[in-house]
Amino acid sequence: MQKRDQSKLGGASGGSAAPAAKRGRPFGSGTNYAAAVAAALGGDSAAPSVLLGPSLQVHSAFAEQNNKRIVLALQSGLKSELTWALNALTLLSFKEKDDIRKDATPLAKIPGVLDALLQVIDDWREIALPRVLTKAPRMRLLGMNTAVTGFGNGYETGDSAPHPGTGSGSTNEEVSAQKSTAKSRPSGWWFEEDGLFNLDEEGRAEKQLCAVAASNIIRNFSFMADNEIAMSQSRHCLETMFQCLEDNITDEELVTNALETIMNLGPLIDLQMFLPSKPFIMTPKRVVQVVMAMLGSPVKAWQCAAAELFGRLILNPDNETFLQSFGQQIYRRLVDMMSIPSADAQAAAIGALYNFAEINMDCRLKLASERWAIDRLLKVIRAPHPVPEICRKATLILENLVLEPQNKPLLLAYENAFADMLLSDTRYSDTFARILFELTSRPSSKVASARGIWGM
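Parameters at a glance
- By convention here, each chain's residues receive numbers from 1 onward along its written sequence.
- Local features are withheld for residues below a pLDDT of 70 in this predicted model, meaning they are given only at 70 or higher, and side-chain atom pairs are given and counted only at 80 or more; totals for whole chains, interfaces and linings count all residues.
- Side-chain figures throughout are based on the complete set of non-hydrogen atoms in the structure, without hydrogens or water.
- Only protein chains enter the accessibility calculation, which uses a 1.4 Å probe; a residue whose area is less than 20% of its type maximum is buried, one above 50% is exposed, and one in between is partly exposed.
- For helices the rule is a DSSP run of H or I covering at least 4 residues; for strands it is a run of E covering at least 2, with both sets numbered from the N terminus onward.
- The directions from the helix axis to the C-beta atoms are what the arc is built from.
- Whether two residues are in contact is decided by their heavy atoms: any pair within 4.5 Å suffices.
- The score called pLDDT rates the predictor's confidence residue by residue, from a low of 0 to a high of 100.
- Definition of nonpolar core: a set of buried residues of the types Ala, Val, Leu, Ile, Met, Phe, Trp, Tyr and Cys, connected through side-chain atoms within 4.5 Å.

Caption draft 1: Structural detail: helix α22 (residues 415-424). When we look at burial in α22, the residues that qualify are A417, F418 and M421. Down the axis of α22, the buried set is contained in an arc of 100 degrees. They therefore lie on one face. Turned more than 90 degrees from where α22 packs its buried face, N416 and L423 sit exposed. Packed against the buried residues of α22 are α19 (373-382), α20 (388-402), α21 (408-412) and α23 (429-441).

Caption draft 2: Just the confidence of the model for the protein chain, in detail. Scored by pLDDT, the protein chain comes out at a mean of 75, with 64% of its residues at no less than 70. Throughout residues 131-138 the model reports pLDDT below 50, and contacts reaching past four residues in sequence, or to other chains, amount to 16 contacts.

Caption draft 3: Examining the environment of M338 more closely. Here M338 shows up in helix α16 (residues 327-338). Taking relative accessible area as the criterion, M338 reaches 4% and is therefore assigned buried. Along the sequence, M338 and K379 sit 41 residues apart, while their C-alpha atoms lie 9.1 Å from each other.

Caption draft 4: Layout of the environment of C210. Following the sequence through the fold, C210 ends up in helix α9 (residues 201-222). Placed 86 residues apart in sequence, C210 and W124 show a C-alpha to C-alpha distance of 8.4 Å.

Caption draft 5: Representation of the nonpolar core in the model. L74, L117, F242 and F418 are the most contacted members of the largest nonpolar core, which has 109 residues in total. Filtering out sequence-adjacent residues up to four positions away, L117 remains in contact with L74, L86, L89, A214, I217, I218 and F221.

See the structure below:
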């Protein structure tokens, strides 16, 4: 990007007219406008040559100076305070890859902000259940004339039942009518309420937007290397993210943000932290089932993310016990994904299978026993896949499978295909040469070894 010419901007000494506004800029985007923007954002007034484009920045000390205010605003539940805190954190957490003008904001600068953001998501999940959406309306009297939280514009109240404390002179007939209405309610009606003050539809939509914004901030924080360890060791954070995946009917963007957050933390996640210590919480088995549900989701992006997540979770040796119990189901679904005519789905499936094939003999035996596993690996190599690294991993998976003597009878059926790949594709000829060597040189049974010894 070229710097703007100082002579064309005009100034107090030049006396020339201000230039025409460029596309995407407001009128008057000259020196005075740049100084005004810098002053409004709390930074130093920079020269126009430094501001090469429209940008919105936050002072580097903003998080440290307002850390308590941000957390208290999130915990207050008030619409104005919550909106301010979410907007500030969105700016603090967002950073372009090559943006050298802004430093990453670690969570250590704002203690308590992660739990406060998670509470915003939990509040939305509590009212986003299907039973609340289908609940029958009920007359509301308490706080009908008070905007308590600021969410929504109206409350569902009856015109014939005025507030008892308004001083409007309620008659005995109206009071008796209210008492008869209260007596006609079912015995457990208070268990079906969201809280003391219920939200209307607009308030529910605003709560949903706040939850999505909070999940987006958590996702942005997970990209920062300084936050990975703290977030991967936070049980509250991971439980909330996995519960968002489990309740994937509430909001698609919320599920996507939660899935990307878990993917970023995948290599550092230890499923042992979900061992049951309290009732009604996530367990390692339930976590794997949630990811399996994502793997079978009709949304292709969620399928690819779940496959990549399995490949990252298996990198931790402590997770092998929990994942291998679902190994056959995982391998079957990943093999099915290789048949999808999508480069992303094939790459995610092969990347996960490559990590599984590196674990132990049991994984290699189960993978080779899948009906179409070897055939589809060869098809990906022959196609070939647009990313050469994916083809290389597919050939290495075949090499790992042939190292097990029990898999050789299955792989001998593809001996001619391996020979064709050896002669036709020079990129992976070394790997296929080793595969053919393992298939033909080493005995695969006691009978073959006896024949070699006695010359039979």
